[in-house]
Amino acid sequence: MRFLIVRTEIRTAADADIAAAWAGGGRLRDETSTPEPRRQVVHAEDRDAALLLARALSAVGAVRTGRHRVKVLPIEESAPWHPYRWDGG
């Protein structure tokens, strides 16, 4: 299985938004409708390589200080289309 490793910016949330999400039982962030801005995208052919790359990206200063996060996403092998695009589309 192939993997996509993505480093994204973390969107800040206002205290009022956090309180509303807790009170209403909703979500503060919904990645399916408004994904976080991508800073770096890397591919890996297996899980071990993906975790090694994610560990390396986690050493970036912005990740260590909490401004960015690293995500490891499995890519469906049978998908005839690419579920990701660097240009934001």
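Please refer to the structure higher up on the page.
The text that follows walks through the structure, step by step, so that each part is easy to find.

Rules used throughout
Residues numbered from 1 in each chain as written. Predicted model: local features only at pLDDT ≥ 70, side-chain atom pairs only at ≥ 80, totals over all residues. Heavy atoms only, no water. Buried < 20%, exposed > 50% of the residue type's maximum accessible area, 1.4 Å probe, protein only. Helix = DSSP H or I, 4+ residues; strand = E, 2+ residues; numbered from the N terminus. Arc of directions from axis to C-beta. Contact = heavy atoms within 4.5 Å. Pairing = 2+ DSSP bridges. Axes fitted to C-alpha atoms, helices over the stretch in contact; angles between N-to-C directions. Polar contact = N/O pair within 3.5 Å; in protein donor to acceptor, adjacent residues only side chain to side chain. Salt bridge = Lys/Arg side-chain N within 4 Å of Asp/Glu carboxyl O.

**Re helix 2 (residues 47-57)**
Step number 1: Residues of helix 2 that are buried include every one of A50, A54 and L57, and no others. Seen end-on, helix 2 carries its buried residues on one side only, within an arc spanning 60°. Exposed residues lying more than 90 degrees from the buried face of helix 2 are D48, L52, R55 and A56.
Step number 2: Taken together, the buried residues of helix 2 touch strand 1 (2-9), strand 2 (38-44), helix 3 (61-64) and strand 3 (68-75).

**Regarding helix 1 (residues 15-24)**
The periodicity of an α-helix, 3.6 residues per turn, causes residues three or four places apart in sequence to face the same way.
Step number 1: By the criterion of burial, helix 1 is predominantly exposed, with just one of the 10 residues buried.
Step number 2: A positive backbone phi angle near 75° is found at G25, which sits one or two residues after helix 1.

**Considering the sheet that holds strand 2**
Step number 1: Spatially, the three strands line up as an open sheet ordered 2-1-3, and their pairing is antiparallel. Each edge of the sheet is formed by a strand with only one pairing partner; in this case those strands are strand 2 and strand 3. The average angle at which neighbouring strand axes cross in this sheet is 20°, direction not considered.
Step number 2: Bridge count for strand 1 against strand 2 is six bridges, and the pairing is antiparallel. Paired with R7 across the bridge in strand 2 is Q40.

**So, the side chain of T8**
Step number 1: Relative to the helices and strands, T8 resides in strand 1.
Step number 2: Polar contacts involving the side chain of T8 include one to the side chain of E36, which spans 2.7 Å.

**A word on the pattern of salt bridges**
Step number 1: Taken as a whole and assessed by the stated rule, the structure comprises four salt bridges.
Step number 2: Close ionic contact of E9 with R39 constitutes a salt bridge, the shortest N to O distance being 3.2 Å. Of this pair, E9 sits in strand 1 while R39 sits in strand 2, and the two are 30 residues apart along the sequence.
Step number 3: When its relative accessible area of 27% is taken as the criterion, E9 is described as partly exposed.
Step number 4: Two residues, R69 and E36, come together in a salt bridge whose shortest N-O distance is 2.9 Å. With R69 in strand 3 and E36 in the loop between helix 1 and strand 2, the pair connects residues that are 33 residues apart, well separated along the chain.
Step number 5: Overall, the relative accessible area of 29% leaves R69 in the partly exposed class.
Step number 6: A relative accessible area of 4% means that E36 is categorised as buried.
Step number 7: One salt-bridge network, in which partners are shared between bridges, spans E36, R69 and K71.

Purely geometric stuff here, so don't read any function into it on its own.
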